[in-house]
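# Structure assessment
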Amino acid sequence: MRSPPATSSPRRIIIAASCYADATRAIPMAAGLAQWAGTDLHGILVEQDEALTTVGMFSARLITSTGAQVAAPTLPQMRRSLASDARVFEAELAKLANLCRWTFERLQGDLMARMRAAAKPGDILLVGHHGFYRHLGAVMLIHSPGQAQHRAFDIASELARSQNAPIFICAAIPDRKQRRLVSAELDAMLRRANIPGSIAHIFDSNVEILDRINRSSAVAVIIDAQAGPFKSDADMRLLLDVARCPLVIVSSEDQPMSLGHHNPGQDG
């Protein structure tokens, strides 16, 4: 049995997605984290407003990836599909969360905004994304040097062990004079994790971090929303888009989840 987290246990693990396909990889991760941490699991299926409001805006025919023409879904068909997703999502939670307490709800609105509204101090958010990779790489931890991010590190280490994957710790330091100290900090984190194949890399900017994530086939990406450098709802949407894998949003221990209006894509 793997050791429980060194930091205090999170209040809940919240797993959210806008469809069941996006939740398939994330639900087992969330259930495993909840059992490991000895905490509750809460599932949220968010029917995003644009998914419903744009249904009638498309032409009557759609082109599939194979080039075939199919009828565009009507609004009733879309609602039936979402209801089916909710049933399967809840059933999968019930099956995998047999060792912890779990709850499920179906909401409508913006995915990130609804997750943030549902989160309480100490909760960990896990946003689902299906992705298309057959061969997965590392668990990627985005680290802000000089700041204590023990919970994010614990989560990254646990996911790496449970998924039989290495950790890739990345940080952005524009000032090359600071790199020696930061390199020592990241090396100490790698020694503490003690997971074979794990590496760390210092980038010149947050844009370079995003580019590396985009070119990687990550198992999951972990970020501390308080420490940054990615903090706002827009930042999290951008991370999810480029990562194409589950995104774990951690709040610094004993601090509320607060996603402000910050755009690290303009840094560096």
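Residues numbered from 1 in each chain as written. Predicted model: local features only at pLDDT ≥ 70, side-chain atom pairs only at ≥ 80, totals over all residues. Heavy atoms only, no water.

## Some thoughts on the overall build of the protein
Short version of the rule: Note on conventions: DSSP H or I runs of at least 4 residues are helices, E runs of at least 2 residues are strands, and numbering of each starts at the N terminus. A simple rule labels every residue: compare its accessible area, found with a 1.4 Å probe on the protein chains alone, to the largest value its type can have, and call it buried under 20%, exposed over 50%, or partly exposed in between. Only heavy atoms enter the contact rule, under which two residues are in contact if any of them lie within 4.5 Å. Note on areas: Shrake-Rupley, 1.4 Å probe, and residue coverage restricted to the protein chains presented here.
Along the protein, the regular secondary structure elements total nine helices and 11 strands. Within the protein, the fraction of its 268 residues that count as buried is 51%. Counting only contacts in the protein whose residues sit at least 6 apart along the sequence, the fraction spanning at least 24 positions is 80%. Looking at the protein as shown, the accessible area adds up to about 12,900 Å², and 52% of this sits on carbon and sulfur atoms.

## Here we look at the nonpolar core
Stated formally: Nonpolar core, defined: a set of buried Ala, Val, Leu, Ile, Met, Phe, Trp, Tyr and Cys residues in which side-chain atoms within 4.5 Å join the residues together.
Counting 49 residues, the largest nonpolar core has Ile15, Leu41, Phe89, Ile155, Leu159 and Ile222 as its most contacted members. With nine residues, helix 2 (residues 26-37) is the largest single contributor of residues to this core. Once you skip the residues sitting within four places of it in the chain, isoleucine 155 turns out to touch Leu33, Trp36, Ile124, Ile222, Val248 and Val250. The next biggest cluster of nonpolar side chains, apart from the first, holds 35 residues, and it includes Ala16, Ala172, Phe203 and Ile249.

## What to know about the layout of surface pockets
Think of a ball as big as a water molecule: rolled over the atoms, this probe shows where empty space is left. To keep things clear, this is the line we draw: In the cavity and pocket records, a cavity denotes points on a 1 Å grid over the protein atoms alone where a 1.4 Å probe fits but cannot get out, a pocket denotes an open set with protein on both sides within 12 Å along at least 5 of 7 lines, and lining residues are residues with an atom within 4 Å of a point. Grid points are joined across faces, edges and corners, and a volume is the space filled by probe spheres set on the points. Polar here means any residue outside two lists: the nonpolar Ala, Val, Leu, Ile, Met, Phe, Trp, Tyr, Cys and Pro, and the charged Asp, Glu, Lys and Arg; Gly therefore counts as polar.
Reported here for the second largest pocket is a volume of approximately 180 Å³. Residue lining of the second largest pocket: 13 residues in total, with Gln48, Leu111, Arg237, Leu240 and Asp241 positioned closest to the centre. Broken down by secondary-structure element, the contributors of at least two residues to the lining of the second largest pocket are helix 5 (111-118) and helix 9 (233-243). Counting residues per element, the lining of the second largest pocket draws most heavily on helix 9, which supplies three residues. In terms of residue class, the lining of the second largest pocket is made up of four nonpolar, four polar and five charged.

## Side note on the pattern of salt bridges
Note the cut-off: The salt bridge definition used is simple: a Lys or Arg side-chain nitrogen within 4 Å of an Asp or Glu carboxyl oxygen.
With the rule as written, the count across this model stands at 10 salt bridges. Here lysine 95 makes a salt bridge to glutamate 92, at a shortest N to O gap of 3.4 Å. Here lysine 95 pairs with glutamate 92, and both are found in helix 4 (residues 75-96), just three residues apart, close to one helical turn. The residue aspartate 211 makes a salt bridge to arginine 215 at a minimum N-O spacing of 3.0 Å. Since its relative accessible area comes to 37%, aspartate 211 is described here as partly exposed. What you see here is one network of salt bridges that share partners, running through Arg11, Arg12 and Asp123.

## Quick notes on the packing of helix 5 against helix 9
Let me state the cut-off plainly: Angles shown run from 0 to 180 degrees and are taken between the N-to-C directions of axes, each axis being a line fitted to C-alpha atoms and, for helices, limited to the stretch in contact. Working rule for angles: under 35 degrees goes down as roughly parallel, over 145 as roughly antiparallel, 65 to 115 as roughly perpendicular, anything else as oblique. Should the near helix be turned anticlockwise from the far one by less than a right angle, the crossing is termed left-handed; should it be turned clockwise, right-handed.
The N-to-C vectors of helix 5 and helix 9 enclose an angle of 120 degrees; their axes lie 10 Å apart at closest approach. Judged by the angle between their axes, helix 5 and helix 9 are oblique. Where helix 5 crosses over helix 9, the two elements pack in a sense that is right-handed. Only Asp233, Met236, Arg237 and Leu240 of helix 9 make contact with helix 5, whose side of the interface consists of Met112, Ala113 and Arg116. Per-class residue counts for the contact of helix 5 with helix 9 are four nonpolar, no polar and three charged.

## Here's the deal with helix 8 (residues 206-214)
Filter applied, for reference: The arc refers to the directions leading from the helix axis to the C-beta atoms.
Within the sequence span of helix 8, burial applies to Asn206, Ile209, Leu210 and Ile213. In a view along the axis of helix 8, the buried residues occupy a sector of 100 degrees, so they form one face of it. Those residues of helix 8 hidden inside the fold are in contact with strand 7 (139-142), strand 8 (167-172), strand 9 (199-203), strand 10 (220-224) and helix 9.

## Points about the packing of aromatic side chains
Which entries qualify depends on this criterion: Ring geometry is summarised as follows: Phe, Tyr and Trp rings, the Trp one being its six-membered ring, pair when their centres sit within 6.5 Å, and such pairs are stacked at plane angles under 30 degrees, edge-to-face over 60 and tilted between the two. Only when the NZ atom of a Lys or the CZ atom of an Arg is both within 6 Å of the ring centre and within 35 degrees of the ring normal do we say a charge sits over the ring.
For the structure on display, the rule yields one aromatic pair. Plain terms: the ring middles of phenylalanine 89 and phenylalanine 104 are 5.1 Å apart, the flat faces sit at 50 degrees to each other, and that makes the pair tilted. With phenylalanine 89 in helix 4 and phenylalanine 104 in strand 5 (residues 102-109), this residue pair connects regions lying 15 residues apart in the sequence. Overall, the relative accessible area of 0% leaves phenylalanine 89 in the buried class. The lysine or arginine in question, arginine 192, covers the ring of phenylalanine 153, its NZ or CZ lying 4.2 Å from the ring centre.

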